[in-house]
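Architecture at a glance
Each chain, letter by letter, is given below.
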Amino acid sequence: ETIDGVRYKREILELCRNAMKEGNHRISKTFAETELWPKIADGDIITDTERKTLVFAIEHFHFTPPAKTLLTEKIKTWENNRHHHNK
């Protein structure tokens, strides 16, 4: 899916849109941990498109504070591990 000229992973955006409809217009920590993160980190690989999509989702969808914290920490941990392995 392309928004403002940037490619995002449609599957992740659809997951967020559906969660907003079902979750009282908010995305919970449980959903972020059990549904969203596994889609992003499938196979322990996060592509640039998946990372950009997650950042876009956090900025444009209403995540509960615990959900936002969880995803932000998971991305940071993943990036730190990736940089550590690339040294």
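Residues numbered from 1 in each chain as written. Predicted model: local features only at pLDDT ≥ 70, side-chain atom pairs only at ≥ 80, totals over all residues. Heavy atoms only, no water.

The secondary structure content of the chain amounts to 4 helices and 2 strands. Its helices and strands in sequence order give the chain the pattern β-β-α-α-α-α, from N to C terminus. Computed over its C-alpha atoms, the radius of gyration of the chain comes to 13 Å, within 12% of the 12 Å expected for a compact globule of 87 residues. Dimensions of the chain along its principal axes, counting C-alpha atoms only, are 45 × 30 × 20 Å. When each of the 87 residues of the chain is scored for burial, the buried share is 36%. By sequence separation, contacts in the chain at least 24 residues apart represent 63% of the contacts at least 6 residues apart. Carbon and sulfur atoms make up 48% of the accessible area of the chain, which totals about 5,800 Å². (Helix = DSSP H or I, 4+ residues; strand = E, 2+ residues; numbered from the N terminus. Rg over C-alpha atoms; globule rule 2.2 N^0.38 Å. Buried < 20%, exposed > 50% of the residue type's maximum accessible area, 1.4 Å probe, protein only. Contact = heavy atoms within 4.5 Å. Areas by Shrake-Rupley, 256 points an atom, 1.4 Å probe, with all protein chains shown as cover.)

What follows concerns the confidence of the model for the chain. Overall, the predicted model of the chain reaches an average pLDDT of 89, with 93% of residues at or above 70. Per-element averaging of pLDDT across the chain places helix α4 (residues 65-85) at the bottom with 86 and helix α2 (residues 29-40) at the top with 94. (pLDDT = per-residue confidence, 0-100.)

With their axes 10 Å apart at the nearest point, helix α1 (residues 10-22) and α2 run at an angle of 165° to one another. By the criterion of interaxial angle, the relationship of α1 to α2 is roughly antiparallel. When you trace α1 past α2, the crossing you get is right-handed. Here Glu11, Ile12, Leu15, Cys16 and Ala19 of α1 come into contact with α2, specifically with Phe31, Glu35, Leu36, Lys39 and Ile40. Looking at side-chain class alone, the contact of α1 with α2 contains 7 nonpolar, no polar and 3 charged residues. (Axes fitted to C-alpha atoms, helices over the stretch in contact; angles between N-to-C directions. Parallel < 35°, antiparallel > 145°, perpendicular 65-115°, else oblique. Left-handed = near helix turned anticlockwise from the far one by under 90°. Nonpolar A, V, L, I, M, F, W, Y, C, P; charged D, E, K, R; others polar.)

A few words on helix α3 (residues 48-60). Over its 13 residues, α3 runs 18 Å from end to end, which matches the ideal 18 Å to within 8%, given 1.5 Å per residue. Inspection of α3 places Glu50, Thr53, Leu54, Phe56, Ala57 and Ile58 among the buried residues, and these make up the whole buried set. (Expected span 1.5 Å × (residues − 1).)

This brings us to the nonpolar core. Within the largest apolar cluster, 26 residues are counted, with the highest numbers of intra-cluster contacts made by Ile27, Leu36, Trp37, Leu54, Phe61, Phe63 and Leu71. At the level of secondary structure, the elements contributing two or more residues to this core comprise α1, α2, α3 and α4. (Core = buried A, V, L, I, M, F, W, Y, C linked by side-chain atoms within 4.5 Å.)

Turning to the environment of Lys52, a few remarks are in order. By the element assignment, Lys52 lies in helix α3. Taking the C-alpha atoms as reference points, Lys52 and Arg10, 42 residues apart in sequence, are found 12 Å from one another. Not counting chain neighbours up to four residues away, the residues in contact with Lys52 comprise Val6, Arg7 and Tyr8.

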